[in-house]
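Descriptive analysis of the structure
One letter stands for each residue in the lines below.
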Amino acid sequence: MTTYYEAYQKVLVSVDCIIFGFDDGELKVLIGKRKMSPGCGQWSLYGGFVGSDEGIDDAADRVLYQLTGLKNIYMRQVGAFGKVDRDPGERVISIAYYALINVKDYDSRQQELHGLEWMPIKDLPQLYSDHNAMVRQALKIMQGKISREPISFNLLPKLFTLTQLQKLYEAVCGEKVDKRNFRKRIKDMDFIERTELIDKTGSKRGASLYRFNKKAYNEAPNFKL
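Residues numbered from 1 in each chain as written. Predicted model: local features only at pLDDT ≥ 70, side-chain atom pairs only at ≥ 80, totals over all residues. Heavy atoms only, no water.

Regarding the pairing of strand β7 (residues 116-120)
Here is the rule: The buried label applies to any residue whose accessible area, calculated with a 1.4 Å probe on protein chains only, is under 20% of its type's maximum; exposed applies above 50%, and partly exposed to all values in between. Counting from the N terminus, the helices are DSSP H or I runs at least four residues long and the strands are E runs at least two residues long. In this scheme, strands are said to pair when DSSP sees at least two bridges between them.
With four of five residues buried, β7 is to be regarded as a mostly interior element. In this structure, strand β2 (residues 26-33) lies alongside β7, joined through five bridges in antiparallel fashion. Bridging from a neighbouring strand, Lys28 pairs with Pro120 of β7.

This is the structure in structure tokens:
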């Protein structure tokens, strides 16, 4: 260890992970009660400190794997949160990340192990420190991307109905869309393929199941939902 920066104050760096899921027609966030002070018992996002031997992306990957048991999750950085008084324990700068997972892929045993709950974003309680601001910023980024990038398919099962896709879009954007216009736009997209399978959980007639074709998307000139 060098002594070049001994004259400067040291600060802690952490990562906080905002994990979004879509279930029962609602966009949800995975949160839990803090098990350490300061803020013990308060609702909080899940995070951890960056180790001296890892990068911030590696730290976020580690935290997400510890939390979900899943690898290769869609994850993007939200930004840095570094107000001087944001953490009453120490001077901590946090790098926030958001991740998108299919709720059905998440092992409920992991949820029980960490004492976590899927909370609808519209019912989100007051969270520890600036975690609510992190969630708001992550949602704003998602709203800007969902019409330009196929991020919504990370929240859906591999086979989905158009109703599920529309409800997800509405849940993220926070507004209703016209069903006929929405489906017309979907039918013009070669990378959203209709299969021969039928979902009959909602009615006897059932609804056609669709899937996302990543190869066709990569060959598509432009995407706008």
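Here's the deal with the layout of surface pockets
The cut-off we apply is this: Each cavity reported here is a set of points on a 1 Å grid over the protein atoms alone in which a 1.4 Å probe fits but cannot get out, each pocket an open set with protein on both sides within 12 Å along at least five of seven lines, and each lining residue one with an atom within 4 Å of a point. Grid points are joined across faces, edges and corners, and a volume is the space filled by probe spheres set on the points. Gly counts as polar in this scheme, as do all residues outside two lists: the nonpolar Ala, Val, Leu, Ile, Met, Phe, Trp, Tyr, Cys and Pro, and the charged Asp, Glu, Lys and Arg.
Computed from the structure, the largest pocket encloses a volume of approximately 730 Å³. Around the largest pocket, the lining comprises 23 residues; the ones closest to its centre are Asn72, Tyr74, Phe153, Asn154 and Phe212. With three residues, the top contributor of residues to the lining of the largest pocket is helix α6 (residues 214-219). Its residues placed into classes, the lining of the largest pocket shows 13 nonpolar, four polar and six charged.

Remarks on the packing of aromatic side chains
Quick note on the threshold: Working definition: rings of Phe, Tyr and Trp (its six-membered ring) pair if their centres are within 6.5 Å, and the pair is stacked with planes under 30 degrees apart, edge-to-face with planes over 60 apart, and tilted otherwise. Think of it as a cone above the ring: NZ of Lys or CZ of Arg counts as a charge over the ring if it is within 6 Å of the ring centre and within 35 degrees of the ring normal.
Applying the stated criterion across every chain yields a total of nine aromatic pairs. Ring centres 6.2 Å apart and planes at 55 degrees place the aromatic pair Tyr74 and Tyr98 in the tilted group. Residue Tyr74 is found in strand β5 (residues 74-81), and its partner Tyr98 is found in strand β6 (residues 92-100); the two are separated by 24 residues along the sequence. Of the residues examined, Tyr74 reaches a relative accessible area of 12% and is grouped as buried. Stacked on the ring of Tyr65, the Lys or Arg Lys71 has its end atom at 5.2 Å from the ring centre.

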